[in-house]
Amino acid sequence: MSNDTKLPWYQRTYRWGQTNLAELDPVRYDADWWRAQWKRTHVQGVIINAGGIVAYYPSRYPLQHRALYLGERDLYGEIVAAARADGLSVLARMDSNRADEHFYMEHPGWFAIDAEGHPYRAGELYVSCVNSPYYREYLPGVLREIIERSHPDGLTDNSWSGLERNRICYCDYCVRKFRAATGMALPQSHDWDSDVYKQWIQWNYACRVEVWELNNRTTQEVGGHDCLWIGMNSGNIVTQSERFRDYKALCERTEIIMLDSQYRTSTAGFQSNSDMGKLIHGLLGWEKQIPESTALYGAGQPTFRLASKPEPEVRMWALEGFAGGIHPWWHHISAYHEDRRQYRTAEPFFTWHQANEQFLVNRTPIANVGVVWTQRNVDFYGRDAAEERVAQSYRGVINALIRARIPYVPVHVDHIARDSDQLDVLILPNIGAMSDEQCAQVRHFVAQGKGLIASSESSCYDEWGNPRSDFALADLFGVHATNAHHGSLGESDPSWETWSRHTYLRLVPELRAQIDGPQIGTEPPITAERHPVLAGFEETDILPFGGRIEVVDAVPTAQVLASFVPSFPIYPPETSWMRYPTSTLPALVLNTPYTGCRVAYLPADIDRCFGRDNLPDHATLLANLVRWALAEHDVLRVDGPGLIDCQFYRQADRLILHLVNLTNVGTWRAPLHELISVGPLHVRLRLQEGVAAHAARLLVADSAVPISLNDGWLTFAVPTVTDHEVVVVS
Ligand SMILES: [Zn+2]
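Treat the numbers as computed from the prediction; the structure is a model and nothing was measured. Each chain has its residues counted from 1, following the order in which its sequence is written. For a predicted model such as this one, the threshold for reporting local features is a pLDDT of at least 70, and the threshold for listing and counting side-chain atom pairs is 80 or more; totals across whole chains, interfaces and linings nevertheless cover every residue. To get the side-chain values, all heavy atoms of the structure are used, and hydrogens and water are removed first.

**Concerning the overall build of the chain**
So, step 1. By the criteria applied, helices consist of DSSP H or I runs no shorter than four residues and strands consist of E runs no shorter than two, each listed in order from the N terminus. Helix and strand counts for the chain stand at 20 helices and 35 strands.
So, step 2. The C-alpha radius of gyration computed for the chain amounts to 27 Å, which stays within 12% of the reference 27 Å derived for 730 residues, consistent with globular compactness.
So, step 3. Taking the principal axes of the C-alpha coordinates as reference, the chain spans close to 85 × 70 × 50 Å.
So, step 4. Buried residues in the chain amount to 59% of all 730 residues.
So, step 5. On the chain, roughly 28,500 Å² of surface is accessible, and the fraction owed to carbon and sulfur atoms is 50%. C-alpha atoms define the radius of gyration in this analysis, and the globule rule sets the expected value at 2.2 Å times the number of residues to the power 0.38. Remark: exposure states derive from per-residue accessible area (1.4 Å probe, protein chains only) relative to the maximum for the residue type, with buried under 20%, exposed over 50%, and partly exposed in between. To be clear on the numbers: accessible area is Shrake-Rupley with a 1.4 Å probe, and residue cover counts the displayed protein chains and nothing else.

Structural data, given as structure tokens:
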């Protein structure tokens, strides 16, 4: 499939390599050795440094800084020629948003400045303004020159989107352009409550979309229809927001996403890579490709550009990418290394990818749980604390689902109607900022008798982050807001969420009357039969909490399954007793606004707590809620030990299941030192219409396993998983 040269390069090129040239490389680039490495790793395309901050060809633009010792040599062009001789796709790589002092001196007006007129710096370099002739005239000229010299298939750009959100550019171009667009002067400060600042945020996104479209018009005009300019984008929505890159808008304007997300963080884990692959495919389409730059050097914290990253760490990051529909792209910094171990890292998983590529493309997820996200919520609800207000809640939900082996897909809030046929349950992990129209989509979904789980301040704000007097989805949640809360978000208001105080959730069969004043003694254990969402907690009447709870009034028809135990001291031990063992504050509410639907609302933000604190009780409760909301419509059951990320797909008349073994990494931090096998895993897949299940083949073990069919479920065992296994049923 990938060798079909009738397809454009962005559809047929799956595996990429990048030797990211350092300035010294013109005197030490070993062309023969790298060509051999391209072959060993089965890459089909290469990304070659062309211009921007440093040029690797003799440009007619004198201000484009040439690499040291380059002289009149065209190292970039030589590598392009070698790649073409080897039949590879070629992307010319730019790094365009900064320039050196010489350039700045010649065109000071093209660079971003602060309110006092001082230029913004990035290290030794100066940051060019996206609205200046640097981006609008000079760079298009450079793109034209590169295409005319060497005819690359397309162009990437490492850092294309200009000044980040935390700095406001006051250059003449920005002043005039913002006034023309909005009639207003630029904001004086970062004030999320001011209308001018909100307009500035949206205007900045639009300016980056303009750059994207301008660059593509330029490259397509000179290089033809398929000569795309595709920048690079992050694997983190909060980062995309901080750089004004609207993922949805960009995916609507491109054929491929070059994903610059090179390594796992201990916070987000390897699983964030399969999640990001699914999230981007949800915007881009599952028929398109997402190559991902994978650091073979010691990227992370701390970073070592010239040392080799431990091989298992690289491998697991890449395998989680495969599980999310991402293709591999190896990345070395500089062309010469004394730590040669990194040259051995890519070959095994690139070889496996080549051998099995037919199973890794053109498939769609089988997952009926949708986790809703929106970049606008990151901006106008998350504001400057998006990690705590947005990312932790989302991460808590997806980690709980992965832990419970429940397949899910990220769903953009504006795609709820588009995707609703595939979904039985929607989850709103503290989606604070939602428009009336988005709320209507959620309501329509639930009215079809489907499931909904929502937490915290979901729907409490409009799409600009302006607070509403009540939840827009109050009718679904079965609660009304009081606009009060306990607990905090962020260091600005630590409240009781500190070392000195702790809180709990009380699992109650029904809401009790508030008890005034301190209580003596303990509550008798609750023996009444518990709701299925509390399964596994039979031996406890309380759960640790430690988060923020919205104070809400539940409607009489709603069912309250847990209440809040207010804070009391941790230290000294003598003081650690519940001053108020019970309260009337609902922490978990179930509601049935429409016949057949199942809605759970969590005033207590256990999703955020799990994302932050990793307590198993919070994950178990979240998974119980999802299973209850699914009402037996689950599609996958995997039994056996370990932490396994299960990604389930359909590809024409086949089923494909990725099992990624994260057991090794759940107990330690990055980087991963060693892989430990788990198994056997007993797998049950719900049979899908049009799939004839004759055999199950394990692509990593390279063997077949016996299957059996029962009641619409297909059952088999996977004996052992070391790093990952991919099962193909056909
Ligand atoms: Zn500017």
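**Quick notes on the sheet that holds strand β32 (residues 703–705)**
What links the strands of a sheet is backbone hydrogen bonding, and the strands pair in either a parallel or an antiparallel sense.
So, step 1. Strand order in the open sheet formed by six strands is β15-β28-β29-β35-β31-β32, and the pairing between neighbours is antiparallel. Every other strand in the sheet has two partners, leaving β15 (364–365) and β32 as the edge strands with one partner each.
So, step 2. DSSP calls a pair of strands paired once it identifies at least 2 bridges connecting them. As paired strands, strand β31 (residues 696–698) and β32 are joined by three bridges and run antiparallel to one another. Bridge pairing in β32 places A696 opposite V705.
So, step 3. Contact definition: two residues touch when any of their heavy atoms are within 4.5 Å. Only C-alpha atoms enter the line fits that serve as axes; for helices the fit covers just the stretch in contact. Angles between N-to-C directions range over 0 to 180 degrees. With respect to the sheet, helix α11 (residues 311–323) is in contact with β28 (644–651), β29 (654–661) and β35 (724–729), its orientation differing from that of β29 by roughly 155°.

**Structural notes on empty space enclosed by the protein**
So, step 1. A pocket here means an open set of points on a 1 Å grid, computed over the protein atoms alone, that has protein on both sides within 12 Å along at least five of seven lines. A cavity is instead a set of points where a 1.4 Å probe fits but cannot get out; residues with an atom within 4 Å of a point line either one. Grid points are joined across faces, edges and corners, and a volume is the space filled by probe spheres set on the points. Applying the stated criterion across every chain, the model contains seven cavities of 30 Å³ or more.
So, step 2. The volume enclosed by the largest cavity comes to roughly 100 Å³.
So, step 3. Lining the largest cavity are 15 residues, and of these L163, C169, C174, N204 and R208 sit closest to its centre.
So, step 4. Looking at the lining of the largest cavity element by element, the count peaks at four residues for helix α7 (residues 195–223).

**Here we look at the packing of α11 against helix α12 (residues 346–356)**
In a packed pair of helices, the relevant descriptors are the angle between the two axes and the axis-to-axis distance.
So, step 1. With their axes 10 Å apart at the nearest point, α11 and α12 run at an angle of 20° to one another. By the angle class used here, α11 and α12 are roughly parallel. With respect to the hand of their crossing, α11 and α12 are arranged in right-handed fashion. When α11 is examined against α12, the residues V314, R315, A318 and F322 are found in contact with a partner set consisting of F349, W352 and H353. Angles below 35 degrees are treated as roughly parallel, those above 145 as roughly antiparallel, those between 65 and 115 as roughly perpendicular, and all remaining angles as oblique. Crossings are classed by handedness, with left-handed meaning an anticlockwise turn of the near helix from the far one by less than a right angle and right-handed meaning a clockwise turn.

**Quick look at a nonpolar patch on the surface**
So, step 1. Patches in this entry comprise residues that are over 30% relatively accessible and not in a salt bridge; like charges within 9 Å are linked, as are nonpolar side chains (Val, Leu, Ile, Met, Phe, Trp, Tyr) within 5 Å. A carboxyl oxygen of Asp or Glu within 4 Å of a side-chain nitrogen of Lys or Arg is what we treat as a salt bridge. Together, L24, V27, L68 and Y69 give the surface a local cluster of nonpolar side chains, amounting to about 400 Å² of exposed area.
So, step 2. Structurally, L68 is set in the loop between β2 (45–52) and α3 (75–85).
So, step 3. A residue is classified by how much of its surface remains accessible, and L68, at 41% relative accessible area, is partly exposed.

**A few points about the pairing of strand β14 (residues 327–333)**
So, step 1. In terms of burial, β14 is largely enclosed, as seven of its seven residues are buried.
So, step 2. Alternating residues of β14 divide into H327, W329, H331 and I333 and P328, W330 and H332, and every residue in both groups is buried.
So, step 3. Pairing between strand β1 (residues 16–20) and β14: five bridges, direction parallel. Across the sheet, G17 pairs through a bridge with W330, a residue of β14.

**Regarding the nonpolar core**
Soluble, globular proteins show a tendency: their nonpolar side chains are buried together.
So, step 1. Among buried residues, those of type Ala, Val, Leu, Ile, Met, Phe, Trp, Tyr and Cys that are joined through side-chain atoms within 4.5 Å constitute a nonpolar core. By size, the foremost hydrophobic cluster in this structure holds 102 residues, and its most contacted members are W38, Y76, I146, L155 and W200.
So, step 2. Here this core takes 10 residues from α7, the largest share from any one element.
So, step 3. In this structure, L155 is in contact with L91, A92, M94, L143, I146, I147, T219, C227, L228, W229, I230 and G231, ignoring residues within four places of it in sequence.
So, step 4. Core analysis: the next-biggest nonpolar cluster, separate from the first, contains 98 residues, I280, I406, L476 and V533 among them.

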